[in-house]
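Overview (structure and organization)
What follows is the residue order along each chain.
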Amino acid sequence: MDGYIDVPVAPKPQGACRTDSIKLYGPDAFEGMRRVGALTARCLDGVSDLICAGTALSRINAFVLDFAATHEAIPATLGYEGYEYACCTSVNHVVCHGFPNEKKLREGDIVNVDVTLIHDGWYGDSSRMYVVGKPKRAAERLIQIAHEAMMQGIRVVRPGARLGDIGHAIQTYAHAERCSVVRDFCGHGIGQVFHDSPNILNFGKAGTGPVLKQGMIFTVEPMVNLGGVGVKTLPDNWTVVTRDRSLSAQFEHSIGVTSDGFEIFTLSPTGLHAPGVELPPVSGELNSVM
Ligand code: MF3
Ligand code: CO
Ligand code: CO
């Protein structure tokens, strides 16, 4: 069997399927989402150590495969609509769905890594931006804006708010920062299926759309461009790039609507899920110089 890998195929929990109506989940589901969300965050934390000039994107894919295998999880993208990788790696002007292939990271690159793990039947979907070495000022700013755009969308989530409030908050913030918001992709319901209803648009009108209710579970994942809003899909049928080749950035969390607001399932206890965290010095090293 040399040269072959056994591609694990995700078993669907019985009865789990995409529906047009928006599912409402109880405490057990929230517990399942907490577990897979924390696992997905830990996987993305681990990716940080691989980000340096000369690393091939395929190393990130191998890490995610290995992480999933050692944590009783399955990467949801493997075999998803013909996609052949354990994650997406989108570098610089790549908006989303970039292949983790043999292409190498270079100094100054920015890269989104998007991982969806399935654990105990629940799907945890999250993505973050990473920078190789020292980012250019414009790239750093874009990353901050993309993260804050996602957080502005998340912060309006509470029972009684409308779906359109999320997109409105994202769009209003990003436009005030003179960035554009990609309209061709959106967040989605999640739980025991990868992409469920509702679509979580990254633009919209406040006060419109379905009313948010306690127990809804979905992703918020805006893609923000430094330049124009136009994107196109490359002939590989997956890789999406900005038409003007301007930089693009994205963050994604899986969240749930609680009795009085929201819960983010894919936070990292390290704080690494957000841009601009300085890692504390390793205590062992400190001790050794004393
Ligand atoms: N993880 C992506 C999302 O946020 C979906 C990737 S589908 C793939 O929904 F097939 F491109 F991997
Ligand atoms: Co998603
Ligand atoms: Co994702």
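Data block above holds the structure.
To keep things clear, this report deals only with the structure shown in the data block. (Residues numbered from 1 in each chain as written. Chains lettered and ligands numbered in written order. Predicted model: local features only at pLDDT ≥ 70, side-chain atom pairs only at ≥ 80, totals over all residues. Heavy atoms only, no water.)

1. Re the coordination of the cobalt ion (ligand 3)
Every protein donor of the cobalt ion (ligand 3) is accounted for by Asp114 (OD), Asp114 (OD), Asp125 (OD) and Glu252 (OE), and the metal-donor separations fall at 2.1 to 2.4 Å. In this structure, the cobalt ion (ligand 3) is surrounded by six donor atoms whose angles at the metal cover 58 to 164°, and the resulting shape is irregular. (Donors = N, O, S within 2.8 Å, 3.2 Å for Na, K, Ca; no water. Tetrahedral: all angles 85-135°; square planar, octahedral: opposite > 155°, others 65-115°.)

2. Let's talk about helix H3 (residues 137-155)
Compared with an ideal rise of 1.5 Å per residue, which puts 19 residues at 27 Å, H3 spans 27 Å between its outermost C-alpha atoms and is within 8% of the ideal. Turning to H3, its buried residues are Ala139, Leu142, Ile143, Ile145, Ala146, His147, Ala149, Met150, Met151, Gly153 and Ile154. (Helix = DSSP H or I, 4+ residues; strand = E, 2+ residues; numbered from the N terminus. Expected span 1.5 Å × (residues − 1). Buried < 20%, exposed > 50% of the residue type's maximum accessible area, 1.4 Å probe, protein only.)

3. Thoughts on helix H4 (residues 163-176)
End to end, H4 covers 21 Å across 14 residues, agreeing with the expected 20 Å (1.5 Å per residue, within 8%). For H4, the tally of buried residues reaches 10 of 14 residues, placing the bulk of the element in the interior. Where H4 is concerned, the buried positions are Leu163, Gly164, Asp165, Ile166, Gly167, Ala169, Ile170, Gln171, Tyr173 and Ala174. Just beyond H4, the residue with positive phi is Arg178, at close to 60°.

4. Notes on the pairing of strand E5 (residues 122-131)
Within E5, nine of the 10 residues are buried, which leaves the element mostly enclosed by the surrounding structure. Looking at chain direction, strand E4 (residues 110-119) and E5 are connected through 10 bridges and run antiparallel. In the sheet register, Ile110 faces E5, and the bridge partner there is Val131. Hairpin connection of E4 to E5: two residues between the antiparallel strands, including Asp120 at a positive phi of 55°. (Pairing = 2+ DSSP bridges.)

5. Re the packing of helix H1 (residues 27-47) against helix H2 (residues 57-70)
A pair of packed helices is characterised by two quantities: the angle between their axes and the separation of those axes. Contact geometry of H1 with H2 gives a least axis separation of 10 Å together with a crossing angle of 145°. You can see that H1 and H2 cross each other, and the crossing is right-handed. Every residue of H2 that contacts H1 at Leu39, Arg42, Cys43, Gly46 and Val47 is listed here: Ile60, Phe63, Val64 and Phe67. Considered class by class, the residues forming the contact of H1 with H2 number seven nonpolar, one polar and one charged. (Axes fitted to C-alpha atoms, helices over the stretch in contact; angles between N-to-C directions. Left-handed = near helix turned anticlockwise from the far one by under 90°. Contact = heavy atoms within 4.5 Å. Nonpolar A, V, L, I, M, F, W, Y, C, P; charged D, E, K, R; others polar.)

Function cannot be read off these values alone, since they describe shape.
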